[in-house]
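# Structure assessment
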Amino acid sequence: MLTYAWHGFLQPPAVPVAPAADLVGNIVFAVAAVALLAVIAARLRASVMELS
């Protein structure tokens, strides 16, 4: 998912859109990808601590 996030900044838009809208969409997707990764890491850490 993080690969798609950074690749979105390099790939031209698939549909005609204003450059600002394209950039905002890429930023929102990248932030969501990092947030999802952080949630997964926190849950994994919590489950490992619970097993210890």
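Here we summarise the structure given alongside this text. (Residues numbered from 1 in each chain as written. Predicted model: local features only at pLDDT ≥ 70, side-chain atom pairs only at ≥ 80, totals over all residues. Heavy atoms only, no water.)

## Regarding the environment of A20
With respect to the helices, strands and loops of the structure, A20 is situated in helix 2 (residues 19-51). By relative accessible area, which is 54% here, A20 ends up exposed. For the pair formed by A20 and V48, sequence separation is 28 residues and the distance between their alpha carbons is 42 Å. (Helix = DSSP H or I, 4+ residues; strand = E, 2+ residues; numbered from the N terminus. Buried < 20%, exposed > 50% of the residue type's maximum accessible area, 1.4 Å probe, protein only.)

## Section: the environment of L23
In this structure, L23 sits in helix 2. Sequence-wise, L23 and M49 are 26 residues apart; in three dimensions their C-alpha atoms are separated by 39 Å.

## Description of the side chain of N26
The residue N26 is located in helix 2 in this model. In terms of polar contacts, N26 uses its side chain to reach the backbone carbonyl oxygen of G8, at 3.0 Å. The contacts of N26, once residues within four sequence positions are left out, are G8 and F9. (Polar contact = N/O pair within 3.5 Å; in protein donor to acceptor, adjacent residues only side chain to side chain. Contact = heavy atoms within 4.5 Å.)

## Looking at the packing of helix 1 (residues 2-10) against helix 2
Between helix 1 and helix 2, the least distance of the axes is 9 Å, while the angle of their chain directions is 160°. Here helix 1 lies roughly antiparallel to helix 2, going by the angle between them. Seen along the crossing, helix 1 lies across helix 2 with a hand that is left-handed. Between helix 1, through L2, Y4, A5, G8 and F9, and helix 2, the contact on the second element is made entirely by L23, N26, I27, F29, A30, A33, V34 and L37. Among the residues making up the contact of helix 1 with helix 2, the classes are represented as eleven nonpolar, two polar and no charged. (Axes fitted to C-alpha atoms, helices over the stretch in contact; angles between N-to-C directions. Parallel < 35°, antiparallel > 145°, perpendicular 65-115°, else oblique. Left-handed = near helix turned anticlockwise from the far one by under 90°. Nonpolar A, V, L, I, M, F, W, Y, C, P; charged D, E, K, R; others polar.)

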